[in-house]
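Observations on the model geometry
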Amino acid sequence: MEAVESRPDAGASAEAPLAGLTPRRWLAGLAVVGQRQIRLTILAGTLAGLATIAQMGLLAWLVHQTVIVETPLSQLMAVMAALVLMIVLRGALLGLQGRFAASSSRAIRGAVRRQLLATWQQAGPGRLQGESAATLASEWLDQVEALHGYFARFLPQMMLCVLVPLAILAVAAWLDWLAALLLLFSAPLIPLFMALVGMGAKKVNQQHFQVIGRLSGQFLDKVRALTTLQLFGGVERATDILAARSEEYRDVTMKTLRVAFLSSAVLEFFSSVAIAVVAIYIGFGLLGYISFGPSDSLTLFSGLWILLLAPEFFQPLRQLAQHYHDRAAALGASAQLMDRLQSAPTTTPPSSTLAAHPDRIELHSVTLRYEDRGPVLNRLSLSLPRGGCVALVGPSGGGKSSLLHVLAGFLPPDGGTVSVFGEAPGHRPFGWLGQSPFLLQGSWADNLRLVAPAATEADMQQALARVGLGDLPGQRAAGLDSPVSEQGSGLSGGQARRLSLARIFLADYPLVLLDEPTAGLDADSQTVIIEALAALKAEGRTLVLATHHDSLLALADRCLHVEGGDVRDV
Amino acid sequence: MSELLPWLRVIQRRRSRLLVGAGLILLTLLSGLGLLALSGWFITATAVTGLLLAAGIQASLDIYTPGGGIRGFAVTRTVARYLERLYNHDTVLQLLADVRIQLFRGLARQSYRHLRSLRGADWLNRLTTDLDAMDSLYLRLIAPTALALLVSVGLVLVAWWLVSPLLALALAVLLAAGFLVATVLLHLRTGDHAAAIMVQQADLRAATIEHLEGQAELRAAGLLPQQQQALSARGDDYMAGQVVVDTRTAWHQALAGVLVNLAALTALVLGLQQMAAGAITGPVAVILPLALLGLVEVYGQLPEAFGRLGATVTSAARLNRDSGPLVPGSGSGRERAGDSNDRVQTGICLRNADIGPAGLEPVLKGLTLTLEAGDWLGIVGRSGSGKSSLADALAGCAPLAAGQREGVPAARVAYLTQQTTLLDDTLRANLVPDGRPVSDETLWRVLELVGLGERIAASRGRLDTWLGAYGSKLSGGEARRVALARVLLHPADLVILDEPFTGLDRATRERICQQLPAWLEGRTVVVLAHDEDALVPVRQVIHLDQR
């Protein structure tokens with residue numbers, strides 16, 4: 001029966017949600033996760049702005065009443081109480097703003113982290129092998145952290161620097177439209193200002209990070225090579241180079257900064273001039289020197305209030321400029337994170353296993369291809385009995401590992417069906433031994449109990465003995481509870497692989513898949529591993545192993561040559 | 001807090017720059033406060049005068065001096081702000097380099113063994129984070145704190161002089177409270193959390209790497225979902241700590257703001273009282289409150305730095321630990337090791353030596369080994385047999401657990417370590433890292449010997465070809481041969497080669513072996529390898545496994 005299911009190429013068009021999205025859009029989409037908290041942040045910030053307006057108004061009123069109307073202070077207790085109330089209210093709202101901001105960012109970062117975990121799982125160990133774990137971990141931690149400032153500070157501030165100045169402008173216009181016009185005129189349209197701020201801040205930011213990046217690169221390179229430099233007497237020269245390069249970078253950076261800082265100077269200039277112009281206009285108006293416009297009706301109250309609001313009018317904008325680097329950092333991080341999230345293939349539900357045999361591993365017409373290559377496995381059909389030992393041979397890159405990954409369920413095939421003892425591959429726990437064994441940063445016992453939580457001390461000792469590690473924990477002070485690797489020395493590659501193999505002895509896995517279990521090991525470790533595999537086989541477990549090694553081939557009942565999509569018996 | 005001292009010392013070497021920079025910030029601040037205060041005075045004064053004029057009373061007000069003052073403050077604030085940013089950014093860049101060079105010097109003084117224990121992308125990553133914290137010490141922590149204090153004290157004195165000692169006292173109390181809330185108290189409430197977050201972050205990174213490396217095995221064992229959940233939960237825990245710090249920082253910032261605002265209100269009320277009593281005029285009563293309102297922004301910058309202070313201190317402590325003082329007896333930097341040995345010896349002798357990785361039982365015990373000057377010795381042992389530890393011991397890089405090393409001083413040893421490290425620099429600098437003059441002819445001869453002559457002659461930069469991340473990439477075998485050439489060029493009496501031929505094919509290996517004896521004529525040579533095939537032809541071979 002020809003029932004090859006076809007599936008669109010992994011990762012390309014099928015994974016549409018992220019494709020064609022700009023980092024900015026992606027960030028906007030993420031904001032939905034913490035929307036409630038972000039709205040509350042903006043609300044608290046806006047209310048704090050309104051409380052500030054009220055506080056300034058009350059202050060101006062207090063001065064007006066005492067200086068102009070000459071009301072005794074004792075009759076103004078209510079105003080003073082209201083002032084205290086406003087000050088406290090403003091403080092409380094600012095505190096709440098910080099609180100909401102912190103939790104919105106937390107929700108969003110948590111969501112991105114979970115997405116990344118899911119992506120890793122979908123990609124499977126096969127596809128992840130090409131990436132260094134440190135890089136992936138740094139994405140999961142540092143790049144996601146870089147989103148914090150954007151959601152906690154920049155995004156709310158974007159809204160606040162529109163809403164709060166508008167409110168201030170409205171109050172000023174109500175008090176004296178000409179003064180409001182002066183304020184508005186000093187800030188020739190806030191968007192233009194923001195663009196100005198943005199351009200300058202962006203440049204400063206890029207420069208700064210570029211310099212730090214290069215400097216760190218130089219520095220880290222020298223640190224990495226420090227032992228070599230010590231051995232060859234190169235420390236002094238390296239220090240001089242470091243100093244000279246820093247000086248060069250500083251020179252170049254300062255040249256650009258001279259221009260880039262002008263944008264913040266412009267912002268500062270407009271806000272200073274606005275205060276100065278408003279103060280002089282109001283002063284002249286109060287003296288009656290201005291014969292046009294609304295200045296006749298100016299009082300100390302309205303004049304002082306407008307003056308006190310003038311700096312607050314620019315404050316949100318200045319804060320935005322300070323948070324601008326948050327935006328740049330988040331955009332940089334999101335480009336990288338989006339690439340990672342896009343790289344995950346779509347998951348297809350495990351294909352149905354028709355008439356699967358409970359005691360055989362069966363592959364029917366299995367096809368597997370990678371994006372930019374021909375088929376690695378081409379309509380492969382195989383049937384392997386329970387308890388057998390099959391060796392996969394063939395050139396590297398020929399598809400041995402891919403076949404193992406299909407049997408493990410790590411890679412869903414592009415077509416055909418796979419069943420392992422009547423079930424979908426990977427449905428039941430099985431043993432896996434790759435070339436880079438997995439060790440926990442913990443004790444020997446932690447590492448062994450990972451797969452067999454109920455294992456006793458004796459079980460563990462026995463399992464270790466079977467892989468020739470019986471006496472190793474004994475050399476350490478705390479026996480099985482001593483850490484596997486101590487500072488300055490871990491296990492050798494062979495020892496680590498043997499420890500991994502000991503786990504398989506502890507857990508009662510019917511199927512064990514091994515990818516080059518003896519590659520790159522010294523003769524001792526090779527012998528031990530081959531003996532251990534023979535023991536596993538004798539216990540009736542099913543072994544499938546990819547190998548080049550002759551003495552391992554001797555163990556196999558059946559030997560399959562995998563190359564160019566084809567598999568044939570040898 | 002004493003952890004910060006070494007770094008503060010580095011920073012204060014640029015004392016005059018720091019003072020000028022702080023002076024510019026101060027000028028910016030005072031112009032801002034002055035602009036607002038003078039404007040307030042002006043408006044109040046004009047209002048009072050306007051009232052008198054409207055009532056038909058003769059009154060006059062000099063409008064030109066305050067008007068000029070207001071314009072002057074506006075311009076000074078703009079210019080000072082621009083200069084301040086430029087000047088302080090320059091300072092920060094200088095400090096950035098200072099801090100790195102200081103750390104590099106400190107690290108270079110550490111023992112070979114200590115440095116070996118610090119390797120790895122993880123450590124470099126951490127180093128970067130920690131250095132960032134030191135970079136911002138001046139501009140984020142020291143300067144704002146010092147200036148907030150200075151301006152506060154100044155305003156208290158102005159209050160004393162302008163209004164009354166009572167107001168000065170009230171302001172002193174309120175501002176001190178605000179200052180403490182924004183700084184010390186915040187640090188007390190977040191310090192431990194911020195420090196814990198740093199540790200948590202390192203743990204989380206390790207756990208994530210573990211999770212990734214073990215994905216195949218975890219998935220095979222059916223443990224992946226629960227591991228993923230555990231990792232997610234740890235990530236949430238980590239963020240919960242951050243939320244605590246961020247939230248407390250926000251509340252302290254808000255509370256400090258409230259206290260400064262209350263100080264402004266107090267100044268206004270007490271000032272107006274004085275006015276009612278006829279001691280001061282209305283316009284003067286307005287000056288101080290407005291200046292204090294400007295101070296809110298100055299205090300607002302403090303909490304962010306102090307909320308992170310716990311983390312900053314942790315960073316400093318870690319850097320100090322990495323680059324810290326020499327531990328006596330653990331072997332100092334190799335460049336200076338063995339200086340005491342003034343007798344020129346070209347042989348080497350280990351007597352009753354116990355050798356092994358730091359902190360573990362010695363792998364080799366009671367080893368005695370003597371090489372006369374000019375002897376060639378091969379040492380064969382499988383991985384884990386203590387081969388590389390023995391090479392370290394012979395080179396004088398690592399202390400012996402017991403026994404003595406005599407003979408060639410460490411500074412006269414050329415040592416090819418098992419790991420190949422190339423510098424991100426030119427080929428020439430890689431061959432001669434200490435920059436001593438070596439003729440091009442010699443360099444070409446040694447490149448010829450290791451079989452790289454043609455490859456390098458064909459490259460564009462020839463001897464000045466840039467190697468490393470930004471330059472031409474060498475294959476593993478080529479890099480190994482550059483490292484070998486470097487050792488051969490090093491003037492030494494004892495040459496130690498640990499697995500010299502990793503990644504080289506047989507033909508190249510044999511060619512090099514043929515020419516080595518002539519090149520190393522008269523020197524003492526030790527070659528270590530995992531089996532005899534990988535050795536240079538030597539007169540004598542020791543098998544570590546059969547001892």
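Presented here is an overview of the structure given in this document. As the structure is a prediction and not an experimental result, all values here were calculated from the model. (Residues numbered from 1 in each chain as written. Chains lettered and ligands numbered in written order. Predicted model: local features only at pLDDT ≥ 70, side-chain atom pairs only at ≥ 80, totals over all residues. Heavy atoms only, no water.)

1. Some details on the overall build of chain A
Short version of the rule: Put simply, DSSP H or I for four residues or longer makes a helix, DSSP E for two residues or longer makes a strand, and each gets a number counted from the N terminus. Each residue is assigned to one of three classes by its accessible area relative to the maximum for its type, calculated with a 1.4 Å probe on protein chains only: buried under 20%, partly exposed between the two thresholds, exposed over 50%. Between two residues, a contact is recorded if the distance between any of their heavy atoms is within 4.5 Å. In this description, accessible areas are obtained by the Shrake-Rupley approach with a 1.4 Å probe, and a residue is regarded as covered only by the protein chains that are shown.
The helix and strand inventory of chain A stands at 19 helices and nine strands. A buried classification covers 56% of the 570 residues belonging to chain A. Long-range pairs, those at least 24 residues apart, make up 77% of the contacts in chain A with a sequence separation of at least 6. Working note: accessible area of chain A is about 23,300 Å², and carbon and sulfur atoms make up 58% of it.

2. A closer look at the nonpolar core
Buried together is how nonpolar side chains tend to be arranged in soluble globular proteins. Convention followed: For this analysis, a nonpolar core means a set of buried residues of the types Ala, Val, Leu, Ile, Met, Phe, Trp, Tyr and Cys, connected via side-chain atoms within 4.5 Å.
One finds Leu62 of chain A together with Leu127 of chain B to be the most contacted residues of the largest nonpolar core, which totals 188 residues. By residue number, the principal contributor to this core is helix α10 (residues 224-276) of chain B, which donates 18 residues. If we skip the residues at most four places from it in the chain, Leu62 of chain A touches Leu73, Leu76, Val79, Met80 and Leu83 of chain A together with Leu265, Leu268, Val269 and Leu272 of chain B. Leu394, Tyr415, Leu443 and Val495 of chain B belong to the second-largest nonpolar core, a separate cluster that totals 66 residues.

3. Notes on the interface of chain B and chain A
Short version of the rule: Reported buried area values correspond to the accessible surface (1.4 Å probe) lost by two parts on association, with both partners' losses combined. We define a salt bridge as a contact between a side-chain nitrogen of Lys or Arg and a carboxyl oxygen of Asp or Glu at a distance within 4 Å. Here a polar contact is taken to be a pair of N or O atoms separated by no more than 3.5 Å, where protein atoms must pair a possible hydrogen donor with a possible acceptor and residues adjacent in sequence count only if both atoms sit in side chains.
The partner chain A presents 130 residues to the 127 residues of chain B that form the contact. Interface area for chain B against chain A, summed over the two sides, is near 11,600 Å², with a carbon-plus-sulfur share of 70%. The three residues of chain B that bury the most area against chain A are Ile43, Phe104 and Glu217 of chain B, which together make up 7% of that side's buried surface. Between the two partners, chain B and chain A, sit seven salt bridges. Summed over the shared surface of chain B and chain A, the result is 18 residue pairs in polar contact (both at pLDDT 80 or more). Element by element, the count of residues in the side of chain B that touches chain A is highest for α10 of chain B, at 26 residues.

4. Points about the pattern of salt bridges
Counted by the stated rule, this structure contains 28 salt bridges over all chains. For Arg428 of chain A, the salt bridge identified is with Glu423 of chain A, shortest N-O distance 2.7 Å. Note that Arg428 of chain B is salt-bridged to Asp464 of chain B, the shortest N-O span being 3.1 Å. On the criterion of sequence distance, the pair formed by Arg428 of chain B in helix α15 (residues 427-431) and Asp464 of chain B in the loop between α17 (453-458) and α18 (476-489) is long-range, its members being 36 residues apart. Judged by relative accessible area, which is 27%, Arg428 of chain B ranks as partly exposed. Here the salt bridges share partners, and the residues they tie into one network are Glu268 and Arg318 of chain A together with Arg77, Arg81, Glu84 and Glu297 of chain B.

5. Some remarks on the packing of helix α6 (residues 137-162) of chain B against helix α11 (residues 282-300) of chain B
All names here are of chain B. Counted only if it meets this: Here an axis means a line fitted to C-alpha atoms, over the contact stretch when the element is a helix, while the angle between two N-to-C directions is reported on a 0 to 180 degree scale. When an angle is under 35 degrees it counts as roughly parallel; over 145 it counts as roughly antiparallel; between 65 and 115 it counts as roughly perpendicular; any other value is oblique. Under the scheme applied here, ten amino acids are nonpolar (Ala, Val, Leu, Ile, Met, Phe, Trp, Tyr, Cys and Pro), four are charged (Asp, Glu, Lys and Arg), and all others, including Gly, are polar.
Interhelical geometry of α6 versus α11 gives an angle of 170 degrees and a closest axis separation of 11 Å. Judged by the inter-axis angle, α6 sits roughly antiparallel to α11. Listed contacts from α11 to Ala148, Val151, Ser152, Leu155, Val158, Ala159 and Leu162 of α6 are Val284, Leu288, Ala291, Leu292, Leu295, Val298 and Tyr299. Of the residues in the contact of α6 with α11, the class split is 13 nonpolar, one polar and no charged.

6. Description of the sheet that holds strand β2 (residues 375-385) of chain A
Residues and elements named next belong to chain A. Spelled out, the test is: Here, strands pair whenever DSSP counts at least two bridges between them.
Taken together, the three strands give an open sheet; going across it, the order is β2-β1-β4, and neighbouring strands pair in antiparallel fashion. Looking at which strands have only one partner, the edges of the open sheet turn out to be β2 and β4 (415-420). Strand-to-strand, the axes of this sheet are offset by a mean angle of 15 degrees, without reference to chain direction. With seven bridges connecting them, strand β1 (residues 360-369) and β2 associate as antiparallel partners. Bridging across to β2, Glu362 finds its partner in Ser383. Across the sheet, helix α13 (residues 400-408) touches β1, β2 and β4, and the angle it forms with β1 is around 120 degrees.

7. Structural notes on the packing of helix α4 (residues 133-145) of chain A against α10 of chain B
Our working definition: Throughout, a crossing is termed right-handed when the near helix is turned clockwise from the far one, and left-handed when it is turned anticlockwise from it by less than a right angle.
Two elements in contact, α4 of chain A and α10 of chain B, have axes separated by 13 Å at closest approach and are oriented at 30 degrees. Viewed along their axes, α4 of chain A and α10 of chain B adopt a mutual orientation that is roughly parallel. In this structure, the crossing between α4 of chain A and α10 of chain B has a hand that is right-handed. Contact with α4 of chain A, carried on its side by Trp140, Leu141 and Glu145 of chain A, involves Leu231, Gly235, Tyr238 and Gln242 of chain B of α10 of chain B and no other residues of that element. A class-by-class count of the residues in the contact of α4 of chain A with α10 of chain B yields four nonpolar, two polar and one charged.

8. Here we look at the packing of aromatic side chains
Residues and elements named next belong to chain A. We count it as follows: Classification of ring pairs rests on two measures: the distance between centres of Phe, Tyr or Trp rings, Trp counted by its six-membered ring, which must be within 6.5 Å, and the angle between planes, read as stacked under 30 degrees, edge-to-face over 60 and tilted in between.
Applying the stated rule across the entire model yields 11 aromatic pairs over all chains. Aromatic side chains Tyr150 and Phe154 sit 5.8 Å apart centroid to centroid with 25 degrees between the ring planes, which places their arrangement in the stacked category. With a gap of four residues between them, Tyr150 and Phe154 both fall in helix α5 (residues 148-175), about one helical turn apart. Consider the rings of Phe313 and Phe314, whose centres lie 5.0 Å apart with planes at 85 degrees: the pair is edge-to-face. Summarising the burial analysis for this pair, Phe313 and Phe314 share the class buried. Aromatic rings pair up to connect Trp61, Phe301 and Trp305 into one cluster.

9. So, the environment of Leu400 of chain B
All names here are of chain B. Topologically, Leu400 is positioned in the loop between α14 (387-395) and β4 (402-407). Each C-alpha atom, one on Leu400 and one on Ser389, is 9.5 Å from the other, the two residues being 11 residues apart in sequence. With sequence-adjacent residues up to four places away left out, Leu400 is seen in contact with Leu350, Ala353, Asp354, Ile355, Ala393 and Arg405.

10. Some remarks on the sheet that holds strand β2 (residues 364-371) of chain B
Residue and element names in this part refer to chain B. Reading across from one edge, β2-β1-β4 is the order of the three strands in this open sheet, with antiparallel pairing throughout. The open sheet is flanked by β2 and β4, the only strands paired with a single partner. Adjacent strand axes in the sheet meet at a mean angle of 10 degrees when their direction is disregarded. Packed onto the sheet, α14 meets β1 (348-355), β2 and β4 and runs at close to 135 degrees relative to β1.

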